Amino acid sequence: MTPDWSAALLVMPRSGFLPEVFWAHDMDSGESTRVDRRTEPEVWESYACADVPVVTQWDDGDGGGPGGVPTSSASMPSVVFRMLGALDVRPGDRVLEIGTGTGWNAGLLAARLGARNVTSIEIDPQVADAARERLATAGLLGTVLTRDGALGDPAGAPFDRVIATAGVRKLPPAWVEQTREGGLIAAPWGTHYSNADAVVRLEVADGAATGKFVGPVEFMKLRTQRLPFPGHEAYVPDGVDSAEHTKAEVTEADLLGAGRFDAAAYVLGLRVPGCYQSVAAKLDGSRPVWFYGLTDRSWACVMLHDGHKADAWQAGPRRLWDEVSQALDWWREVGRPGIERFGLTVRPDGEQLAWLDDPEHAWPV
């Protein structure tokens, strides 16, 4: 957190925006712990003040707890302030926020800029109502709209800043159109290759938006942009025996990276668009990694073996393993650059282009 947000945090602590029951999420194990303020007030308070994400809704409001899909949350405070830092707000700025959630982020912005300068959009009516109530209690209720955030708020445009608190796979053109010339957009952006996102900071000029990624994150995805995956059986109903088989010079570290936020998978997603990777559990020293084409039924599988060459199978119009292998070779040749050396350009027609170091050398994603 930079000093310019200290005063906002003092009057807008995260604890004031959390429900009586939430699930503290462990990023390493993937497990969520149910915490109830009514029975464990001290535990509740410790998690509310800790630098951990907390889940506040499962399965779009239809689930009661872990075991389903988390669909609304309060992000880690460190991530919240990293994104607010990227947004670089100035006194008098008007901000459009996509994804109200608990209302905490909108509250911080309102404390800094004034409630009348903050418009927030939430697609879930129950989540939006709860956020309005919390913001009103704090005396900083701005405009909270209940609608699809991908559409933005044309009636309130133009905005000086746009910030998204949900991961996107295609930056909605409305966000660019509704940002003034020279304004900034900060959003978690990624590809369907994995669940990983990276915060991108885009400057709007001449109807386009371009800028660099500032670091890895992982967000729940915009509801209208969730992964369109029909399931493994739709691709491989009869096993791998009839597919093309080769040996592959690839290791687990090459393909999966060294940790959750390693650049490897993110960069492969940039270089192999329209592809979804699924990593299975390791069994007896072998781990299958699957690749599925999202525009056809092409697929590939790499079976990684401890101490031995990998086996690779691929089938369909796209040779997905060849594409992934070539992307790995390219990444090695350019020195294995981290996420911060990559950038994104969104053209006026909505086309998205990724690039390394220089927007002049971009490719479609």
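Predicted model, so just to flag it, every value in this text is computed and none were measured. (Residues numbered from 1 in each chain as written. Predicted model: local features only at pLDDT ≥ 70, side-chain atom pairs only at ≥ 80, totals over all residues. Heavy atoms only, no water.)

(A) View of the sheet that holds strand β15 (residues 299-305). Strands sit in the order β12-β16-β15-β14-β13 across an open sheet of five strands; the sheet is antiparallel. At either margin of the open sheet sits one strand with a lone partner, and together these are β12 (244-248) and β13 (275-279). On average, each strand axis in the sheet is tilted by 20° relative to the strand beside it, whichever way the strands run. In terms of strand pairing, β13 meets strand β14 (residues 286-293) through five bridges, oriented antiparallel. The residue of β14 that forms the bridge with glutamine 277 is phenylalanine 291. Docked against the sheet, helix α9 (residues 320-333) engages β12, β13, β14, β15 and β16 (308-315), running at close to 105° with respect to β14. (Pairing = 2+ DSSP bridges. Helix = DSSP H or I, 4+ residues; strand = E, 2+ residues; numbered from the N terminus. Axes fitted to C-alpha atoms, helices over the stretch in contact; angles between N-to-C directions. Contact = heavy atoms within 4.5 Å.)

(B) Local environment of unusual backbone geometry. With an omega of 5°, the peptide bond between alanine 157 and proline 158 qualifies as cis. Residue position: proline 158 is located in the loop between β7 (143-146) and β8 (159-164). For aspartate 357, which is not a glycine, the phi torsion comes out positive at approximately 70°. Among the secondary structure elements, aspartate 357 is positioned in the loop between β18 (352-356) and β19 (362-364).

(C) Representation of the state of the cysteines. This structure, assessed with the given rule, holds zero disulfides. Left without a disulfide partner, cysteine 275 is nearest to the cysteine sulfur of cysteine 301, which lies 12 Å away. Cysteine 275 gets classed as buried once you look at its relative accessible area, which sits at 1%. With a relative accessible area of 2%, cysteine 301 lands in the buried category. (Disulfide = S-S within 2.5 Å. Buried < 20%, exposed > 50% of the residue type's maximum accessible area, 1.4 Å probe, protein only.)

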